[in-house]
Amino acid sequence: MGFAGLFFLSSGLYMGWSLGANDAANIFGTAVGTRMIKFRTAAFISALFITIGAVVSGAGAAKGLGDLGAVNALAGSFIVSASAATTVLWMTRAGLPVSTTQAIVGAIVGWNLFTGNPTDQTALTRIVGTWIYGPILGAGIAFILYFIVRFALERMHIHLIRLDKYTRTGLIIAGIFGAYSLGANNMANVVGVFVSASPFVDITVMGITFTGIQQLFLMGGLATAVGVVTYSKKVMMTIGSNLYKLSPVTAIVVIVSTATVLFLFASQGLQDFLISRGLPSFPLVPVSQSQAAVGSVIGISLAKGGKNLNLKLLGNIVMGWIMTPTSAALLCFIALFFMQNVFGQPVQM
Amino acid sequence: MKKQERSGGIFTSKAKMIQMEMDRYFSFVDQGAMLLEEAVKKYLAGNVDGFEEKTKEIDAVERSADELRRQIKHRLYAEMLIPDSRGDVLGLLETLDNVLDVAKHVSTHFSIETPEIPAFLVEDFTELTETSVKAVLELTLAVRAFFQEVYRVTEHLDKVHFWEHEADTIEERLKRKAFASDEIKLFSKKVHMRYFCERIALLADEAEAVAERLAVYAIKRAI
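Nothing here was measured: the structure is a model prediction, and the numbers come from that model.

### Quick look at the overall build of chain B
When its secondary structure is counted, chain B shows six helices and zero strands. Along chain B, helices (α) and strands (β) appear in the sequence α-α-α-α-α-α when read from the amino end. Expected size for 223 residues packed as a compact globule is a radius of gyration near 17 Å; at 19 Å, chain B falls within 12% of this value. Projected onto its principal axes, the C-alpha positions of chain B cover 65 × 35 × 20 Å. Counting only residues that meet the buried cut, chain B has 50% of its 223 residues in that class. A separation of at least 24 residues holds for 79% of the contacts in chain B among residues at least 6 apart in sequence.

### Describing the overall build of chain A
Of regular secondary structure, chain A possesses 11 helices and two strands. Here the C-alpha atoms of chain A give a radius of gyration of 20 Å, agreeing with the 20 Å that 2.2 N^0.38 yields for 349 residues. Overall size of chain A, expressed as C-alpha extent along the three principal axes, is 70 × 50 × 45 Å. Expressed as a percentage of the 349 residues in chain A, the buried residues total 54%. Relative to all contacts within chain A whose residues are 6 or more apart in sequence, the contacts with residues 24 or more apart total 83%. Total accessible area on chain A is roughly 14800 Å²; 70% of this is exposed by carbon and sulfur atoms. Each charge class in chain A can be summarised by its mean position, and for the 18 positive and 7 negative side chains these summaries are 17 Å apart.

### Concerning the nonpolar core
Phe28(A), Val80(A), Leu171(A) and Met187(A) are the most contacted members of the largest nonpolar core, which has 84 residues in total. When residues of this core are assigned to their parent elements, the largest contribution, 10 residues, is made by helix α1 (residues 3–33) of chain A. Counting 70 residues, the second-largest nonpolar core is a separate cluster that includes Ile82(B), Val89(B), Val102(B) and Ala201(B).

### Thoughts on α1(A)
Think of an α-helix as turning once every 3.6 residues; residues three or four places apart then point the same way. Maximal helix bending in α1(A) amounts to about 60 degrees, located at Asn26(A). Of the residues trailing α1(A), Arg35(A) is marked for its positive phi of about 60 degrees.

### Some thoughts on the packing of aromatic side chains
Tallying each qualifying case throughout the model produces 22 aromatic pairs over all chains. Each ring, one from Phe265(A) and one from Phe282(A), has its centre 5.4 Å from the other, and the planes form 80 degrees; the classification is edge-to-face. With Phe265(A) in the loop between α8 (248–264) and α9 (268–276) and Phe282(A) in the loop between α9 and α10 (289–303), this pair connects stretches of sequence that are 17 residues apart. Since its relative accessible area comes to 25%, Phe282(A) is described here as partly exposed. Pairing Phe146(B) with Tyr217(B) gives two aromatic rings, centres 6.5 Å apart and planes at 50 degrees, and the pair type is tilted.

### A closer look at the confidence of the model for chain B
Residues at a pLDDT of 70 or more form 94% of chain B, whose mean pLDDT is 92. Long-range and interchain partners of residues 1–8 of chain B, a stretch whose pLDDT sits below 50, account for 12 contacts in this model, where long-range means more than four residues apart.

### Here's the deal with the confidence of the model for chain A
Taken residue by residue, chain A gives an average pLDDT of 85. The fraction at 70 or more is 95%. Mean pLDDT values over the elements of chain A span from 77, in strand β2 (residues 208–210) of chain A, up to 92, in α8(A).

### Points about unusual backbone geometry
Phi at Ile82(B) takes a positive value of approximately 30 degrees, unusual for a residue other than glycine. For Thr114(B), which is not a glycine, the phi torsion comes out positive at approximately 35 degrees.

### Let's talk about the pattern of salt bridges
Residues and elements named next belong to chain B. Taken as a whole and assessed by the stated rule, the structure comprises 27 salt bridges over all chains. Where Lys41 meets Glu37, a salt bridge forms, and the shortest distance between an N and an O atom there is 2.9 Å. Of this pair, Lys41 and Glu37 both sit in helix α1 (residues 14–44), four residues apart, which is roughly one turn of the helix. With a relative accessible area of 31%, Lys41 lands in the partly exposed category.

### Observations concerning the interface of chain B and chain A
Contact residues are listed per partner, giving 21 residues for chain B and 23 residues for chain A. Regarding the contact of chain B and chain A, the summed buried area is about 1900 Å², with carbon and sulfur atoms giving 65% of it. For the pair chain B and chain A, the interface holds zero salt bridges. Elements that contribute at least two residues to the side of chain B that touches chain A include exactly α1 and α4 (119–148) of chain B. Ranked by residues supplied to the side of chain B that touches chain A, first place goes to α1(B) with five residues. Residue composition of the side of chain B that touches chain A, by class: 13 nonpolar, four polar and four charged.

### Re the packing of α4(B) against helix α6 (residues 187–221) of chain B
Residues and elements named next belong to chain B. Closest axis-to-axis distance for the α4/α6 pair is 10 Å, and the angle between their directions is 15 degrees. Classified by the angle their axes make, α4 and α6 are roughly parallel. In terms of crossing hand, the pair formed by α4 and α6 is left-handed. Grouping the constituent residues of the contact of α4 with α6 by class yields 24 nonpolar, three polar and one charged.

### What about the side chain of Arg75(B)?
All names here are of chain B. Inspection of the secondary structure puts Arg75 in helix α2 (residues 48–78). Taking the relative accessible area as the measure of exposure, Arg75 reaches 17% and is therefore buried. Among residues more than four places away in sequence, those in contact with Arg75 are Met17, Ile18, Glu21, Met80 and Leu81.

### Quick notes on the side chain of Glu164(B)
Residue and element names in this part refer to chain B. The topology assignment puts Glu164 in helix α5 (residues 153–180). For Glu164, which is buried and forms no salt bridge, the nearest opposite charge comes from Lys175, at a distance of 11 Å. Excluding residues within four positions of it along the chain, Glu164 makes contact with Ala135, Ala204, Asp205 and Glu208.

### Some points on α10(A)
All names here are of chain A. The end-to-end C-alpha separation of α10 is 21 Å, in line with the 21 Å expected for 15 residues at 1.5 Å each. For α10, the side-chain oxygen to backbone nitrogen distance between the N-cap and Gln291 is 3.1 Å, and the N-cap itself is Ser288. Gly305 sits one or two residues past α10 and shows a positive phi near 110 degrees.

### Here's the deal with the environment of Thr125(A)
All names here are of chain A. Within the secondary structure, Thr125 sits in helix α5 (residues 121–156). Between the alpha carbons of Thr125 and Phe78 there is a distance of 25 Å; along the sequence they are 47 residues apart. Polar side-chain contacts of Thr125 include one of 2.5 Å to the backbone oxygen of Gln121.

### Focus on the packing of α5(A) against α8(A)
Residues and elements named next belong to chain A. Remark: α5 packs on α8, axes separated minimally by 8 Å, with the N-to-C direction vectors making an angle of 140 degrees. Relative to α8, the element α5 is oriented oblique. Between α5 and α8 lies a crossing whose hand is right-handed. Residue-level inspection shows Gly134, Leu137, Gly138, Ile141, Ala142, Leu145, Tyr146, Val149 and Leu153 of α5 in contact with α8, the latter providing Val249, Thr250, Val253, Val256, Ser257, Thr260, Val261 and Leu264. Across the contact of α5 with α8, the residue classes break down as 12 nonpolar, five polar and no charged.

Rules behind the numbers
Residues numbered from 1 in each chain as written. Chains lettered and ligands numbered in written order. Predicted model: local features only at pLDDT ≥ 70, side-chain atom pairs only at ≥ 80, totals over all residues. Heavy atoms only, no water. Helix = DSSP H or I, 4+ residues; strand = E, 2+ residues; numbered from the N terminus. Rg over C-alpha atoms; globule rule 2.2 N^0.38 Å. Buried < 20%, exposed > 50% of the residue type's maximum accessible area, 1.4 Å probe, protein only. Contact = heavy atoms within 4.5 Å. Areas by Shrake-Rupley, 256 points an atom, 1.4 Å probe, with all protein chains shown as cover. Lys, Arg positive; Asp, Glu negative; His and termini not counted. Charge placed at Lys NZ, Arg CZ, Asp CG, Glu CD. Core = buried A, V, L, I, M, F, W, Y, C linked by side-chain atoms within 4.5 Å. Bend = angle between axes of the 7 residues up to and from the residue. Phe/Tyr/Trp six-rings, centres within 6.5 Å; stacked < 30°, edge-to-face > 60°. pLDDT = per-residue confidence, 0-100. Salt bridge = Lys/Arg side-chain N within 4 Å of Asp/Glu carboxyl O. Buried area = accessible area lost by both parts, 1.4 Å probe. Nonpolar A, V, L, I, M, F, W, Y, C, P; charged D, E, K, R; others polar. Axes fitted to C-alpha atoms, helices over the stretch in contact; angles between N-to-C directions. Parallel < 35°, antiparallel > 145°, perpendicular 65-115°, else oblique. Left-handed = near helix turned anticlockwise from the far one by under 90°. Expected span 1.5 Å × (residues − 1). Polar contact = N/O pair within 3.5 Å; in protein donor to acceptor, adjacent residues only side chain to side chain.

Structure below.
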């Protein structure tokens, strides 16, 4: 892989960095913000389990994204990824709960439009559908979990000091699940568009073959780890004290319900199991972690009687559904035009 | 006063240890209030030696409680425990300390000023002391519930408010009796009665002040 290859991968690396900086912070935000867990512990768990999730279970959601449009030239992948990344950056600046997923989907549709490839309507409907039921599912799970936790706490008479200890353990376990699910579901957003144009070749070391795709996911994992280490602390401190204030116990509920949503849409094993039993299954597509989290917070507000329900958050989600993919598609379309006609790089095979 | 128990051996976890220390602290508050009741009753019965002995015990309890409170505070910070509600817990312990301070003040001032309590006020003073102490005992129940069964805090707090109100009523009745009386000749002695009556009732007032805080902390603690 030459310099050009590395350069074209840079936008994917940025997406990975952003995943580590922002989405990993969603997992441990309250825990670190309220000083229940040290940042160092949170960073280590996030980096490790996001990478494990990506390598073990990341392929399913990446394939779901690939069905939408198989970006098959590296320069094209670069533009798709870069447009999505830029959109994420803009939306974050605007303070919207931005979804990397929606940005990347918009950008892929932009690539399809530019190159004249048909957009698979079924795949698109499937993915867009999850934007709606992702937050709803998150709200439902959080709603139920909240009552279970409250019921248990009211009956178990745990001393405040002891509860503190259990809460820390709970935050770590929930964090592991959260990081794993994030890697499994959202790494597709980072490396998905590079799968069909991967510059990596299979390497065999001592009889073990390390496929190009695996190398790609590992690279995404490493970029994420860098994002966690370099920037997520700042975001964690903001989430812990600013965006929506959660108690450490409710934070566990939010992390678990968010992670469950991401897990449901990423687990090949679960899908096979449900299909084999003739049950309706969850499509393997990337869903938005921040929106599932916002859905979970809303679920808890509802469980508490809906008094603290922040309708603005709900409005922001809906706005994100429209703004993010549209801007990413438009930006991608324009950028592809420049890449092809000004820089003379092939954006499709 | 019986010798303090050691809080835990080498196998006791830090969490368990601090839990035990807190329980002991609340017991000190209970003891302080109950000792005051004993002291006042002995004073009213004319048993000066018995009263002085109780006063010393109150002093000792207050000192031990102070020391223990500092230890708990240190531990909560050093062990990085309950970062989320640490401020509330420390605030609670400090205001509880005010209750003990009042108990100590009352007994000390009885000892220094030796007020002459006329026979017709003895019963009222006894009742006022008993009622104020009930407010404190109910408060420590509320505090214990805050740590373990937060949803039961309110029922105890309601009782604290009830006893505080009762104490107010007795306080007013006592003052009216003292000032309307012909038996107490000197105005200064009437004022002296008022002073002690207010001091004793302050115990219930302080208990109520802690109760007000606790009500807010309990809401914050609900998940």
